[in-house]
Amino acid sequence: PPCKPATTTLPQGCAAVGAELKTLWSFFTVLTFCVLVVKGVFEAIPHTVFGNLILFLQLAGVDNGKVVAVMTAHFLAAAAGVGLGGRVGDCLAGRIGVGGRPLTSQLS
C-alpha cells in the first residue's frame, strides 16, 4: 500500500534552519559534549601534522628505508591503540553504562 503523508507539518525554509540551530545549541549546554568537542579539536592537530612527517624526514636526510620503518611503526601502534581503546571503552560501558565510552574518550 502507498505511504500516507505525515499529518504533522515540519518547519520550512528559515524556520527549519532556526529549529536546527536551536537543537544544535542545546547540545552545547551539556558540559560533557563541550569537553568532547574541544578534545576533538586538539586531537585533530597531531593527525594533520603527521601528514607531513614523511616529507619532513626525507628533507632532514633520513634514509627512505628508515622513513618506511618509522611510518610502519606509527601505523601499527595507532592500530593497536585504537583496538585497546575500543576494549577499554567496551569494558567501561559494561561496568558503568552509557557513560563508559565518553569516559574512555576523556581519559585518552
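Structural data are supplied above this passage.
Cut-offs applied
- Residues numbered from 1 in each chain as written.
- Predicted model: local features only at pLDDT ≥ 70, side-chain atom pairs only at ≥ 80, totals over all residues.
- Heavy atoms only, no water.
- Helix = DSSP H or I, 4+ residues; strand = E, 2+ residues; numbered from the N terminus.
- Buried < 20%, exposed > 50% of the residue type's maximum accessible area, 1.4 Å probe, protein only.
- Contact = heavy atoms within 4.5 Å.
- Axes fitted to C-alpha atoms, helices over the stretch in contact; angles between N-to-C directions.
- Parallel < 35°, antiparallel > 145°, perpendicular 65-115°, else oblique.
- Left-handed = near helix turned anticlockwise from the far one by under 90°.
- Nonpolar A, V, L, I, M, F, W, Y, C, P; charged D, E, K, R; others polar.

Draft legend 1. Seen up close, the side chain of Thr104. Here Thr104 is to be found in helix H5 (residues 100–107). Taking relative accessible area as the criterion, Thr104 reaches 12% and is therefore assigned buried. When residues no more than four places from it in sequence are discounted, the contact partners of Thr104 are Gly85, Val88, Gly89 and Leu92.

Draft legend 2. Region of interest: the side chain of Lys39. Structurally, the position occupied by Lys39 is in helix H2 (residues 31–50). If sequence neighbours within four positions are ignored, Lys39 has contacts with Ser105, Gln106 and Ser108.

Draft legend 3. Main features of the environment of Leu103. Relative to the assigned elements, Leu103 resides in helix H5. As a C-alpha pair, Leu103 and Thr48 span 55 residues in sequence and 25 Å in three-dimensional space.

Draft legend 4. How the structure looks around the packing of H2 against H5. In the contact formed by H2 and H5, the axes pass within 10 Å of each other and the chain directions differ by 40 degrees. On the basis of their axis angle, the class for H2 and H5 is oblique. As for how H2 packs across H5, the hand of that crossing is left-handed. Residues Thr32, Val35, Leu36 and Lys39 of H2 pack against Pro102, Ser105 and Gln106 of H5. Partitioning the contact of H2 with H5 into residue classes produces three nonpolar, three polar and one charged.

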